[in-house]
Amino acid sequence: AQTVTQSQPEMSVQEAETVTLSCTYDTSESDYYLFWYKQPPSRQMILVIRQEAYKQQNATENRFSVNFQKAAKSFSLKISDSQLGDAAMYFCAYYSGTYKYIFGTGTRLKVLA
Amino acid sequence: DAGVIQSPRHEVTEMGQEVTLRCKPISGHNSLFWYRQTMMRGLELLIYFNNNVPIDDSGMPEDRFSAKMPNASFSTLKIQPSEPRDSAVYFCASSLMRSSYNEQFFGPGTRLTVL
């Protein structure tokens with residue numbers, strides 16, 4: 001069975017600095033998708049970034065980028081120029097093409113002014 | 001589009017009472033998911049509907065939990081009788097199952113507190 005692990009329950013970053021959130025997963029599939037979702041205090045789950053496993057190029061969305069290491073089954077999220085509005089829970093998720101998303105337990109990011 | 005709509009946003013009830021959570025998916029989406037989020041277990045899939053039919057209810061914890069989707073624009077999750085350990089945030093999500101990754105769009109969640 002697929003699993004997603006986020007080993008950092010909480011992280012802090014100074015405003016304008018860069019922070020990296022870690023995620024590892026386990027699967028025997030070769031084709032799948034990986035996601036990072038943001039959950040601010042409003043509770044709304046927001047898709048931040050998506051990575052297709054067949055693509056070697058790391059996905060980037062403005063200040064958000066990923067480091068996808070398929071062989072190592074690692075999928076980290078880098079947030080550059082951190083802003084106060086980035087403070088939230090961040091969830092890593094895996095999807096292999098059926099219907100089921102597998103979510104990690106989340107990392108709470110605090111942004112310090 | 002208004003996105004996925006859930007009601008109520010907050011629910012406080014006493015042990016033993018019946019609780020009904022409601023969800024309106026995004027118009028045109030053919031799949032609906034109910035999740036439960038707790039600190040201990042994270043985000044768990046409770047049940048998945050496709051074209052209003054329950055496909056996977058293996059995540060429903062007990063017979064006290066039931067879910068229905070009478071039409072494409074409405075779903076309910078009912079807990080009867082409720083217990084304090086049911087306290088959690090319940091999310092509804094919908095998806096159009098035709099793209100390669102089938103992005104799920106989440107509602108704002110219902111925070112349930114059972115006293």
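1. Some remarks on the interface of chain B and chain A
Listed as interface residues are 23 residues of chain B and, on the opposing side, 17 residues of chain A. Summed over both sides, the interface between chain B and chain A buries roughly 1800 Å², with carbon and sulfur atoms accounting for 53% of that surface. Sorting the residues of chain B by area buried against chain A places B:Leu43, B:Tyr101 and B:Phe106 first, and these three jointly supply 31% of that buried surface. For the pair chain B and chain A, the interface holds one salt bridge. One salt bridge in this structure joins B:Asp56 and A:Lys100, with 3.5 Å as the shortest N-O distance. Inspection of the chain B/chain A interface yields nine residue pairs in polar contact (both at pLDDT 80 or more). If you list the elements that add at least two residues to the side of chain B that touches chain A, you get strand 4 (31–38), strand 5 (42–50), strand 9 (88–95) and strand 11 (110–114) of chain B. In terms of residue class, the side of chain B that touches chain A is built from 11 nonpolar, eight polar and four charged.

2. Describing the state of the cysteines
Taken as a whole and judged by the stated rule, the model has two disulfides over all chains. The disulfide bridge from A:Cys23 ends at A:Cys92, spanning 2.0 Å between sulfur atoms. One quick way to see it: the torsion about the S-S bond of A:Cys23 and A:Cys92 is about -70 degrees, and its sign makes the bridge left-handed. With A:Cys23 in the loop between strand 3 (19–21) and strand 4 (24–26) and A:Cys92 in strand 10 (residues 88–95), this residue pair connects regions lying 69 residues apart in the sequence. Given a relative accessible area of 1%, A:Cys23 falls into the buried group. A:Cys92 gets classed as buried once you look at its relative accessible area, which sits at 0%. In this model, B:Cys23 is linked to B:Cys92 through a disulfide, with the two sulfur atoms separated by 1.9 Å. Torsion about the S-S bond of the B:Cys23 and B:Cys92 cystine: about -65 degrees, corresponding to left-handed handedness.

3. Description of the packing of aromatic side chains
Evaluated as defined, the whole model comprises 19 aromatic pairs over all chains. Judged by centre distance (5.3 Å) and plane angle (65 degrees), the ring pair of A:Tyr25 and A:Tyr32 falls under edge-to-face. Owing to a relative accessible area of 5%, A:Tyr25 belongs among the buried residues under this scheme. Taken together, a centroid distance of 4.2 Å and an interplanar angle of 10 degrees make the contact between A:Tyr99 and B:Tyr48 stacked. Taken together, the positions of A:Tyr99 in the loop between strand 10 and strand 11 (101–103) and B:Tyr48 in strand 5 put the pair across two chains.

4. Here we look at the environment of A:Leu47
One can find A:Leu47 in strand 6 (residues 46–52). Between the alpha carbons of A:Leu47 and A:Trp36 there is a distance of 6.3 Å; along the sequence they are 11 residues apart. Look past the residues within four positions of A:Leu47 in its chain and what remains in contact with it is A:Phe35, A:Trp36, A:Tyr37 and B:Glu103.

5. Section: the layout of surface pockets
Taken as a whole, the largest pocket spans an internal volume of roughly 600 Å³. Along the wall of the largest pocket there are 25 residues; nearest its centre are A:Gln39, A:Met89, A:Arg108, B:Gln37 and B:Met39. Tallied by class, the residues present in the lining of the largest pocket amount to 12 nonpolar, eight polar and five charged.

6. Observations regarding the sheet that holds strand 3 (residues 19–24) of chain B
All names here are of chain B. The strand order 1-3-8-7 describes an open sheet built from four strands, whose pairing is antiparallel. Looking along the sheet, the strands with just one partner apiece sit at the ends: strand 1 (5–7) and strand 7 (65–71). The sheet shows a mean angle of 15 degrees between the axes of neighbouring strands, direction not considered.

Parameters and conventions
- For every chain, the first residue of the written sequence is number 1, and numbering continues from 1 along that sequence.
- Whichever chain is written first is A, and whichever ligand is written first is 1; the rest continue in order.
- For a predicted model such as this one, the threshold for reporting local features is a pLDDT of at least 70, and the threshold for listing and counting side-chain atom pairs is 80 or more; totals across whole chains, interfaces and linings nevertheless cover every residue.
- In computing side-chain properties, one takes all heavy atoms of the structure into account and sets aside hydrogens as well as water.
- Here a residue-residue contact requires only that any non-hydrogen atoms of the pair lie within 4.5 Å.
- Once two parts are brought into contact, the accessible area they lose, counted with a 1.4 Å probe and summed over both, makes up the buried area.
- Salt bridge, as used here: a side-chain nitrogen of Lys or Arg that lies within 4 Å of a carboxyl oxygen of Asp or Glu.
- Two N or O atoms count as a polar contact when they lie within 3.5 Å, although within protein this holds only if one can serve as hydrogen donor and the other as acceptor, and sequence-adjacent residues are included solely when both atoms are side-chain atoms.
- Per the convention used, a helix needs a DSSP run of H or I reaching at least four residues, while a strand needs a run of E reaching at least two, with both numbered from the N terminus.
- Any residue that is not Ala, Val, Leu, Ile, Met, Phe, Trp, Tyr, Cys, Pro, Asp, Glu, Lys or Arg is counted as polar, Gly included; the first ten are nonpolar and the last four charged.
- Working definition: a disulfide is two cysteine sulfur atoms within 2.5 Å of each other.
- Partly exposed describes any residue whose relative accessible area lies between the buried limit of under 20% and the exposed limit of over 50%, with all areas from a 1.4 Å probe on protein chains only and scaled to the type maximum.
- When the centres of two rings from Phe, Tyr and Trp lie within 6.5 Å, Trp using its six-membered ring, the rings pair. Their planes under 30 degrees apart give stacked, over 60 give edge-to-face, and anything left gives tilted.
- Using only the protein atoms, space was sampled on a 1 Å grid; points where a 1.4 Å probe fits but cannot get out form cavities, open sets with protein on both sides within 12 Å along at least five of seven lines form pockets, and lining residues are those with an atom within 4 Å of a point.
- Grid points are joined across faces, edges and corners, and a volume is the space filled by probe spheres set on the points.
- Whether two strands pair depends on DSSP finding at least two bridges between them.
- A fitted line through C-alpha atoms serves as each axis, taken over the contacting stretch for helices, and the angle formed by two N-to-C directions is quoted from 0 to 180°.

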